[in-house]
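# Topology and contacts: notes
So the chains spell out like this:
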Amino acid sequence: MRRLLTFVTVFLLLVGMYGFANAVSINYLYAVNGNEFTSPYSGVIVEDFEAATELWSWTGNGAIVSGTDSTASAPFGVYERDTSWYVTVPDDVTSPPPTATAVLPGYYTYFGLWWGSVDTYNTLSFYDGNTLVASFTGSAITSPNAANGNQTAPTTNLYVNFLDLPAFNKFTMTSTQYAFEADNIAIGNVPIPGALWLLGSGLVGLLT
């Protein structure tokens with residue numbers, strides 16, 4: 001009985017710890033596909049902007065572009081800039097609101113993007129319908145690295161993964177200056193990290 005009580009107590013502590021961590025987990029892991037950064041997780045949906053029709057319905061004044069000019073800088077990869085199409089916000093900073101919003105085909109808890117030249121004035125927001133459920137600025141995701149808009153530095157051109165987000169079916173990219181650039185945007189429902197299940201399995205072994 002004492003062993004059972006110990007197991008239950010530790011298990012509840014683990015569940016509580018996971019619930020706390022479940023607030024949102026951010027990492028910068030990525031897979032390299034040629035020179036492009038993309039999601040390392042299987043079973044996710046990736047919008048690479050290469051098809052004639054986008055996967056999701058977009059509104060706002062963002063634009064799907066290629067190359068680099070005075071208003072947009074293609075995300076930097078291993079050794080050169082992104083040579084494919086990507087999304088940039090704002091398309092024209094003089095035409096508010098400087099946003100691009102995508103309505104998704106379902107609810108998801110994982111989001112990944114190749115975030116180019118991360119700036120403090122870039123904001124990524126997640127919604128359940130019209131209700132904001134989570135929001136992150138460029139400063140928040142690169143801490144302790146500076147979100148200074150460097151167009152070639154690895155610390156400001158990286159693939160960012162958001163795990164355990166509150167369920168969302170819409171996201172918005174906002175930038176109050178030039179610009180917020182992203183490619184290979186991924187959505188999905190990535191399972192609970194395996195480490196927790198392995199630890200739970202080990203605890204079950206205490207009962208035998």
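This text gives an overview of the structure that appears in the document. (Residues numbered from 1 in each chain as written. Predicted model: local features only at pLDDT ≥ 70, side-chain atom pairs only at ≥ 80, totals over all residues. Heavy atoms only, no water.)

## Re the sheet that holds strand S11 (residues 131-137)
Strand pairing within a sheet occurs via backbone hydrogen bonds; the two strands may be parallel or antiparallel. In spatial order, the strands read S5-S8-S13-S10-S11; together these 5 strands make up an open sheet with antiparallel pairing. On the outer flanks of this sheet lie strand S5 (57-60) and S11, each paired with one strand and no other. Each strand axis lies, on average, 20° off the axis of its neighbour in the sheet, ignoring direction. Pairing geometry for strand S8 (residues 99-108) and strand S13 (residues 168-175), over 6 bridges, is antiparallel. Paired with Thr99 across the strands is Thr174, a residue of S13. (Pairing = 2+ DSSP bridges. Helix = DSSP H or I, 4+ residues; strand = E, 2+ residues; numbered from the N terminus. Axes fitted to C-alpha atoms, helices over the stretch in contact; angles between N-to-C directions.)

## Examining the nonpolar core
With 29 residues, the main nonpolar core has Phe111, Leu113, Leu124, Phe162, Phe171 and Ile185 as its most contacted residues. Of all the elements in the fold, those that place two or more residues in this core are strand S7 (86-89), S8, strand S9 (110-116), strand S10 (122-128), S11, strand S12 (158-163), S13 and strand S14 (180-188). Setting aside anything within four residues of it in sequence, one finds Phe162 in contact with Val24, Ser25, Ile26, Thr109, Tyr110, Phe111, Leu113, Trp115, Leu124, Phe136 and Ile141. Counting residues in hydrophobic clusters, the runner-up holds 8 residues, among them Phe37, Val44, Trp114 and Ala186. (Core = buried A, V, L, I, M, F, W, Y, C linked by side-chain atoms within 4.5 Å. Buried < 20%, exposed > 50% of the residue type's maximum accessible area, 1.4 Å probe, protein only. Contact = heavy atoms within 4.5 Å.)

## Details of the pairing of S9
Looking along a regular strand, one sees the side chains alternate between the two faces of the sheet. When you tally the buried positions in S9, you get 7 out of 7 residues, the bulk of the element. Side chains of S9 alternate between two faces, with Tyr110, Gly112, Trp114 and Gly116 and Phe111, Leu113 and Trp115 buried alike. Where S9 and S14 come together, 6 bridges link them in antiparallel fashion. Across the sheet, the residue bridging to Trp115 is Ala182, located in S14. Across 5 bridges, S9 lies against S12 in antiparallel orientation. Within S12, the residue paired with Leu113 across the bridge is Val160.

## Thoughts on the side chain of Asp119
Looking at the secondary structure, you find Asp119 in the loop between S9 and S10. The buried charged residue Asp119 lacks any salt bridge partner; its closest oppositely charged side chain belongs to Arg81, at an N-O distance of 11 Å. Here Gly149 takes part through its backbone nitrogen, which lies 3.3 Å from a polar atom of the side chain of Asp119. Setting aside its immediate chain neighbours within four residues, Asp119 contacts Gly138, Ser139, Ala147, Asn148, Gly149, Tyr178 and Ala179. (Lys, Arg positive; Asp, Glu negative; His and termini not counted. Salt bridge = Lys/Arg side-chain N within 4 Å of Asp/Glu carboxyl O. Polar contact = N/O pair within 3.5 Å; in protein donor to acceptor, adjacent residues only side chain to side chain.)

## Points about the side chain of Ser84
Looking at the element boundaries, Ser84 is found in the loop between strand S6 (63-65) and S7. In this structure the side chain of Ser84 is engaged in a polar contact, spanning 3.5 Å, whose partner is the side chain of Glu50.

## Things to note about the packing of aromatic side chains
Considering all chains together, one arrives at 16 aromatic pairs under this definition. Ring geometry for Trp115 and Phe180: centres 4.7 Å apart, planes at 15°, overall stacked. Within this pair, whereas Trp115 is found in strand S9, its partner Phe180 is found in strand S14, the two being separated by 65 residues in sequence. Summarising the burial analysis for this pair, Trp115 and Phe180 share the class buried. Chaining the aromatic ring pairs together yields one cluster made of Phe49, Trp56, Trp58, Tyr108, Phe111, Phe126, Phe136, Phe162, Phe168 and Phe171. Sitting over the face of the ring of Tyr127, Lys170 holds its NZ or CZ atom 5.2 Å from the ring centroid. (Phe/Tyr/Trp six-rings, centres within 6.5 Å; stacked < 30°, edge-to-face > 60°. Lys NZ or Arg CZ within 6 Å of the ring centre and 35° of its normal.)

## Quick word on a nonpolar patch on the surface
Together, Tyr30, Val32, Val78 and Tyr79 line one region of the surface with nonpolar side chains, adding up to about 410 Å² of accessible area. Among the structural elements, Tyr30 can be located in the loop between strand S1 (25-27) and strand S2 (31-33). (Patch = residues over 30% accessible without salt bridge, like charges linked within 9 Å, V, L, I, M, F, W, Y side chains within 5 Å. Areas by Shrake-Rupley, 256 points an atom, 1.4 Å probe, with all protein chains shown as cover.)

## With respect to unusual backbone geometry
The omega angle of the peptide bond from Val89 to Pro90 is -5°, so this bond is cis rather than trans. Residue position: Pro90 is located in the loop between S7 and S8. The omega torsion across Tyr178 and Ala179 is -5°, close enough to zero to call that bond cis. Counting through the fold element by element, Ala179 comes out in the loop between S13 and S14.

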